[in-house]
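# A look at the structure
What follows is each chain in one-letter form.
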Amino acid sequence: ILSSVASVVAFVIFLSTGSNALFTSPLDHRARGFFNEGGPYGLFLVSVLIVLSMRRRLFPPVSPAGARAAVAVIWAALLLSASKAGLLAVIICGAATLVTASGRRRALAVVVLPITCLAFLAFSQAALRGYVRSYLGFDETVLFRPTDRNLVMGRIMAAFIVPRMISAHPILGIGIGNYSLMRNDPRYLNGLPFVDDWDLPGLGLVSDAAELGVPLTLFLAVLLLRPLRQARKQKAPAAVLAAAAFQPVALLVGVNLNFFYPWLVTAFFLAALENHRELKPRPE
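Bear in mind that the values here come from a model prediction, so they are computed numbers and not experimental data.

### Description of the packing of aromatic side chains
On inspection of all chains with the given rule, the structure shows 7 aromatic pairs. Through a chain of ring-to-ring contacts, the aromatic side chains of Phe-35, Tyr-41, Phe-44, Phe-246 and Tyr-261 assemble into a single cluster.

In structure tokens, the structure reads:
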């Protein structure tokens, strides 16, 4: 909540004075909190919103007005982060809550979800077009921008290197955490630019398949979906269902496996599910 307040204030300072503050990105002036970029920060804020919603569902707040103000400022920071991954996570986690929804809520979702998806595509179309253009014209573009970190590091570069790693080591992978160490191997680069910085793929479970191998990654995906099946079986509240869905969604849209906060959300979910089980009336 404090990082959201700081990010909103920093953005207002930028609009007022034109000077970039600590909590906004110097390149595109998006809110970033304590993160390096706005995209990962927005996805983190989604986890905070889910935890606050779950907490409010299980433990009514002492100050409802304060709780609403906290949610409002986090939403403001999320929108200012312009995080495509964060908004996509909101859509998917929202859809996951429908598995135990009433008939009226499901009918509402049939209308709301398509509109939300169209709004997301409209919001992200410029960035998505940029990704497509960079990928399709990569061989030519990289000749003119061989040192551009936005081009030769991250997702676009990984889109070429990760499939080669999976093809070379489909069963056991290259070893967990080894992408950054092995992405400069000439066998995987195949003529692409070498970089001397610590590069991360940002492709979520797809890049995990390069490091863990395909069988272990599929097993991991099954484990990550298990909490959602538990919540659905017990007909948990929507906020608890969203928490169960968050970790697989976060890893799907690009969060690294070793990031702490998705595991923390799952831990909160497991405790909340136990609490929900104890609160449910038992048949006489």
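That was the structure; now back to the text.
### Side note on helix H11 (residues 205-212)
An α-helix turns once every 3.6 residues. As a result, residues three or four positions apart point the same way. Judged by how many residues are buried, H11 sits mostly within the fold: 7 of 8 residues are covered. Summarising the contacts, the buried residues of H11 are in contact with helix H8 (155-168), helix H9 (179-182), helix H12 (214-233) and helix H13 (238-252).

### A few points about the pattern of salt bridges
What the rule picks out here adds up to 3 salt bridges. Of the charged contacts, one joins Asp-28 and Arg-30 as a salt bridge, the two residues approaching to 3.4 Å between their closest N and O atoms. In this structure Asp-28 comes out as partly exposed when scored by relative accessible area, which is 39%. The closest approach of N and O atoms between Arg-187 and Asp-185, which form a salt bridge, is 2.8 Å. A relative accessible area of 59% places Arg-187 in the exposed class.

### So, the side chain of Arg-183
Checked against the element boundaries, Arg-183 lands in the loop between H9 and helix H10 (186-189). Engagement of the side chain of Arg-183 in a polar contact is seen with the side chain of Asn-184, the distance being 2.6 Å. Once residues lying within four places of it in the same chain are set aside, the contact partners of Arg-183 are Val-152, Met-157, Ile-161, Met-165, Leu-189, Pro-193, Phe-194, Val-195 and Asp-199.

### Here's the deal with the nonpolar core
Counting residues in hydrophobic clusters, the biggest one holds 43 residues, and the most contacted among them are Leu-43, Ile-50, Met-54, Cys-93, Val-240, Phe-246 and Phe-269. Where this core is concerned, the elements lending two or more residues are helix H2 (38-58), helix H3 (64-81), helix H4 (84-96), H11, H12, H13 and helix H14 (260-279). For this core, the element with the highest residue contribution is H13, accounting for 11 residues. Once residues within four sequence positions are removed from consideration, Phe-269 is found in contact with Met-54, Pro-227, Ala-231, Val-240, Ala-243 and Ala-244. Of all hydrophobic cores here, the second largest spans 19 residues; its members include Val-152, Met-157, Phe-160 and Tyr-179.

### Quick notes on H3
Here H3 contains 18 residues, and its C-alpha end-to-end distance of 26 Å stays within 8% of the 26 Å for a straight helix at 1.5 Å per residue. Three or more residues of H3 are buried, namely Ala-70, Val-73, Ile-74, Ala-77, Leu-78 and Ser-81. On an axial view of H3, the arc spanned by its buried residues comes to 145°, and they lie on one face. Those residues of H3 that are buried are in contact with helix H1 (2-17), H2 and H4. Downstream of H3 by one or two residues, Ala-82 has phi in the positive range, about 50°.

Quick notes on the rules
- Residues numbered from 1 in each chain as written.
- Predicted model: local features only at pLDDT ≥ 70, side-chain atom pairs only at ≥ 80, totals over all residues.
- Heavy atoms only, no water.
- Phe/Tyr/Trp six-rings, centres within 6.5 Å; stacked < 30°, edge-to-face > 60°.
- Buried < 20%, exposed > 50% of the residue type's maximum accessible area, 1.4 Å probe, protein only.
- Helix = DSSP H or I, 4+ residues; strand = E, 2+ residues; numbered from the N terminus.
- Contact = heavy atoms within 4.5 Å.
- Salt bridge = Lys/Arg side-chain N within 4 Å of Asp/Glu carboxyl O.
- Polar contact = N/O pair within 3.5 Å; in protein donor to acceptor, adjacent residues only side chain to side chain.
- Core = buried A, V, L, I, M, F, W, Y, C linked by side-chain atoms within 4.5 Å.
- Expected span 1.5 Å × (residues − 1).
- Arc of directions from axis to C-beta.

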